[in-house]
Amino acid sequence: MPQRLQDWVTARAELRPDATAVALNGNALTYEELDILSTQLARTLIEHGCRSGDRVGMLMPKIPLAIVAVLGIYKAGCVYVPLDPASPPSRLASIIRSAKARWVLAAGGVTDTVHELRDGHGFGDGLSIAWLDPVRPVDADGGGFTYRDVVGCPAIGLPERRAGDATAHLLFTSGSTGVPKGVVITHQNVIAFVEWAVRHFDIDSTDRVSGHSPLAFDLSVFDIFGAFAAGAELQLVPPECNLMPARLSEWIERTRLTQWFSVPTVLNYMAKFDAIERGAFPELRRVLWCGEVLPTPSLIYWMQRLPHARFTNLYGPTEATIASSHHTVVECPLDPTAEIPIGRPCGGEDLVVLDDDGRLAPRGTTGHLHIKGVGLSPGYWQSPELTRKAFVTGADGERLYKTGDRARVGPDGLLYFAGREDMQVKSRGYRIELGEIEAALSAIRRLRESAVVAVPSSGFEGATLCCSFVPADKPAIATAELRTELGRWLPSYMIPSHFRAYAELPKNATGKIDRKALREAWTVEIEQEVVDARKSAAS
Ligand code: AMP
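A separate point is the overall build of the protein chain. On a plain count of helices and strands, the protein chain comes out with 15 helices and 27 strands. Whereas a compact globule of 539 residues would reach a radius of gyration of roughly 24 Å, the protein chain reaches 23 Å, a difference of no more than 12%. Oriented by its inertia axes, the alpha-carbon framework of the protein chain measures out at about 70 × 60 × 55 Å. Per-residue burial over the protein chain gives 57% buried out of 539 residues. Within the protein chain, counting contacts between residues at least 6 apart in sequence, those at least 24 apart form 68% of the total. In the form shown here, the protein chain has an accessible surface area of approximately 22,700 Å², with 52% of it arising from carbon and sulfur atoms. Separation between the mean location of the 57 positive side-chain charges and that of the 64 negative ones in the protein chain comes to 3 Å.

Structure follows, in structure tokens:
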């Protein structure tokens, strides 16, 4: 078993140096190139004063250089912190500040964001920028180094370094108090899952696996290291294919993909637009999804189109590393309302359903889902209070992660997901705390009150986010203005799609906003929208 995640790449570079490690639109790096470039990057980081355990931000799209950056940061003994270029600079600034990152590696058209971070958010020279674009952007500055420095650095003599507690990366997810929270993930957390998954799913060096999820999302960690542990090819999904079902279908065909892994949204999208021909993708052996429920009608569509492939539901939160349970659907369900289980624990993990008193819930009874085992994160970055609340000690003295999910064990001994017990939702695969949206709304002075609820959507986006608000003055703030204000703090996927002004928000007996009543009102409204849309499509 490797000690550090980058060891897989070095070992593969020795075994099969010319094999493709990562590719995007024909732009590929072999295992040897990836190993050398990442060593050069690590040396450059060290020469520029990066210390063991330093957090290094990565502000770049998912391009082969981003994979070099991940490995280079590891080899320098540092910790990567993905920064989504699509997020507003104020959100990125809060992540950089929280991670106490002194370095950001930048590439791929992010100069405006970098300027705004350095000048508009007070980082100034406290934040060094390294530009990894092979051609340095004209207006790039930032006191760091460039791609030329990296490739000019000898790829030898890397000191043996690792972060003290072997932290690999910090993944910031939506926080209910309005501030994103960082989940600490160690090299061993990832190695344990990947070793099990490569064996269980039988991934080998002939495989071509998809790299679909953004780097800020932990499914990307499996794409990258699942491929590298097996010596397989990581095919990064071109962003222009992302929400274009027909193009995505062509791309899977062209790259002769053997394994697909994504959130259900993408699978749904392709099913809705009937983008797959019967018997398409003859080389695709396995389709995996994780992150939310895949509606059974979409699964049936995929299973009927690809009778040669295997279909696996993975379940798990970031806090327990990539996935904690799995279920392979052996036979195509006949009933579109059939529930697909989240299955059984992955290797080295255990999942338990507890009742309100913390005792094991009887089989068939829905309770609170907890996870234990090798995937458990050490906790939230510099947040002992949050960590204490979510990572608890079980009756047998073992550490447990309280997922906030509800689940039950079925008569077949398999686990079934039964929704959330808090204000966390999934929309288009993104994990969103409604509290984070509400915190951004409460900073808007022209609102007296506001609340956000999520209602299940009949489309492919999971939950529809609906905002009810009471304006503080007249004329009432316009929806467009509200969106702009929210867009200063929140990424676009967190901005509600529906807004409605109220004279007063409904309250319950304790005087709190009655979210249940709001959810019901929005559900009726959205169902009506669907009926109207169908009618107008038919006429
Ligand atoms: P994330 O940390 O973004 O991976 O989100 C974790 C949450 O996504 C879990 O706590 C669940 O609520 C949900 N989730 C993950 N996988 C599944 C799945 N296969 N089925 C249903 N919900 C899921």
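Here we take up the pattern of salt bridges. Should the charged atoms of two oppositely charged side chains come close, the side chains can pair. Evaluated as defined, the whole model comprises 29 salt bridges. The partner of glutamate 504 in a salt bridge is lysine 507, and the shortest N-O contact between them spans 4.0 Å. Under the relative-accessibility criterion, glutamate 504 is labelled partly exposed at 46%. Lysine 507 sits in the partly exposed class, given a relative accessible area of 35%. Salt bridges sharing partners connect three or more residues here, namely Arg51, Asp54 and Arg102.

Moving on to the nonpolar core. Core analysis: the biggest nonpolar cluster contains 118 residues, and Leu105, Phe225, Phe228, Trp260 and Trp302 have the highest contact counts within it. Each residue touching tryptophan 260, except ones within four places of it in the same chain, is listed here: Ser210, His212, Val237, Leu248, Trp251, Ile252, Val266, Leu267, Leu284, Arg286, Val287 and Leu288. Formed by 24 residues, the second largest nonpolar core is a distinct cluster that contains Val81, Leu127, Ala140 and Val184.

Moving on, we get to the side chain of threonine 44. Structurally, threonine 44 can be placed in helix H2 (residues 31–47). Apart from residues no more than four positions distant in its own chain, threonine 44 is found in contact with Phe145, Asp149, Val150 and Cys153.

Moving on, we get to the packing of aromatic side chains. Applying the stated criterion to the full structure yields 14 aromatic pairs. Arranged with centres 5.4 Å apart and planes meeting at 40°, the rings of tryptophan 103 and phenylalanine 145 form a pair that is tilted. Separated by 42 residues along the polypeptide, tryptophan 103 in strand E5 (residues 103–106) and phenylalanine 145 in strand E7 (residues 143–146) bring together distant segments of the chain. With centroids separated by 5.4 Å and ring planes inclined at 75°, the aromatic side chains of phenylalanine 222 and phenylalanine 261 adopt a geometry described as edge-to-face. Highlighted residues: phenylalanine 222 in helix H8 (residues 219–230) and phenylalanine 261 in strand E12 (residues 259–262), separated in sequence by 39 residues. For phenylalanine 222, a relative accessible area of 2% gives the class buried. On the accessibility criterion, phenylalanine 261 (1% relative accessible area) is buried. The lysine or arginine in question, arginine 500, covers the ring of tryptophan 522, its NZ or CZ lying 6.0 Å from the ring centre.

So, on to the pairing of strand E17 (residues 349–354). The side chains of a regular strand alternate between the sheet's two faces. Across the six residues that make up E17, a large majority, five, are buried. Here E17 runs beside strand E18 (residues 367–373); their pairing, made up of six bridges, is antiparallel. Looking at the pairing, aspartate 350 lines up with lysine 372 of E18.

Where helix H4 (residues 89–99) meets helix H5 (residues 111–120), the closest approach of the two axes is 10 Å, and the angle between their N-to-C directions is 60°. Viewed along their axes, H4 and H5 adopt a mutual orientation that is oblique. Crossing of H4 over H5 shows right-handed handedness. Here Pro89, Leu92, Ala93 and Ile96 of H4 come into contact with H5, specifically with Thr113, Glu116 and Leu117. Tallied by class, the residues present in the contact of H4 with H5 amount to five nonpolar, one polar and one charged.

A few words now on the sheet that holds strand E27 (residues 498–501). Taken together, the three strands give an open sheet; going across it, the order is E25-E26-E27, and neighbouring strands pair in mixed fashion. Bordering the open sheet on either side are strand E25 (447–456) and E27, each of which pairs with just one other strand. Taking each pair of neighbouring strands and ignoring which way they run, the sheet shows an average axis angle of 20°. Pairing of E25 with strand E26 (residues 463–471), which is carried by nine bridges, proceeds in the antiparallel orientation. Across the sheet, the residue bridging to valine 453 is cysteine 466, located in E26. Sheet contacts for helix H14 (residues 479–487): E25, E26 and E27; angle to E27, the most-contacted strand, approximately 120°. Strand contacts of helix H15 (residues 515–538): E25, E26 and E27, with the helix running at about 60° to E25, the strand carrying the most contacts.

What counts and how
- Residues numbered from 1 in each chain as written.
- Predicted model: local features only at pLDDT ≥ 70, side-chain atom pairs only at ≥ 80, totals over all residues.
- Heavy atoms only, no water.
- Helix = DSSP H or I, 4+ residues; strand = E, 2+ residues; numbered from the N terminus.
- Rg over C-alpha atoms; globule rule 2.2 N^0.38 Å.
- Buried < 20%, exposed > 50% of the residue type's maximum accessible area, 1.4 Å probe, protein only.
- Contact = heavy atoms within 4.5 Å.
- Areas by Shrake-Rupley, 256 points an atom, 1.4 Å probe, with all protein chains shown as cover.
- Lys, Arg positive; Asp, Glu negative; His and termini not counted.
- Charge placed at Lys NZ, Arg CZ, Asp CG, Glu CD.
- Salt bridge = Lys/Arg side-chain N within 4 Å of Asp/Glu carboxyl O.
- Core = buried A, V, L, I, M, F, W, Y, C linked by side-chain atoms within 4.5 Å.
- Phe/Tyr/Trp six-rings, centres within 6.5 Å; stacked < 30°, edge-to-face > 60°.
- Lys NZ or Arg CZ within 6 Å of the ring centre and 35° of its normal.
- Pairing = 2+ DSSP bridges.
- Axes fitted to C-alpha atoms, helices over the stretch in contact; angles between N-to-C directions.
- Parallel < 35°, antiparallel > 145°, perpendicular 65-115°, else oblique.
- Left-handed = near helix turned anticlockwise from the far one by under 90°.
- Nonpolar A, V, L, I, M, F, W, Y, C, P; charged D, E, K, R; others polar.

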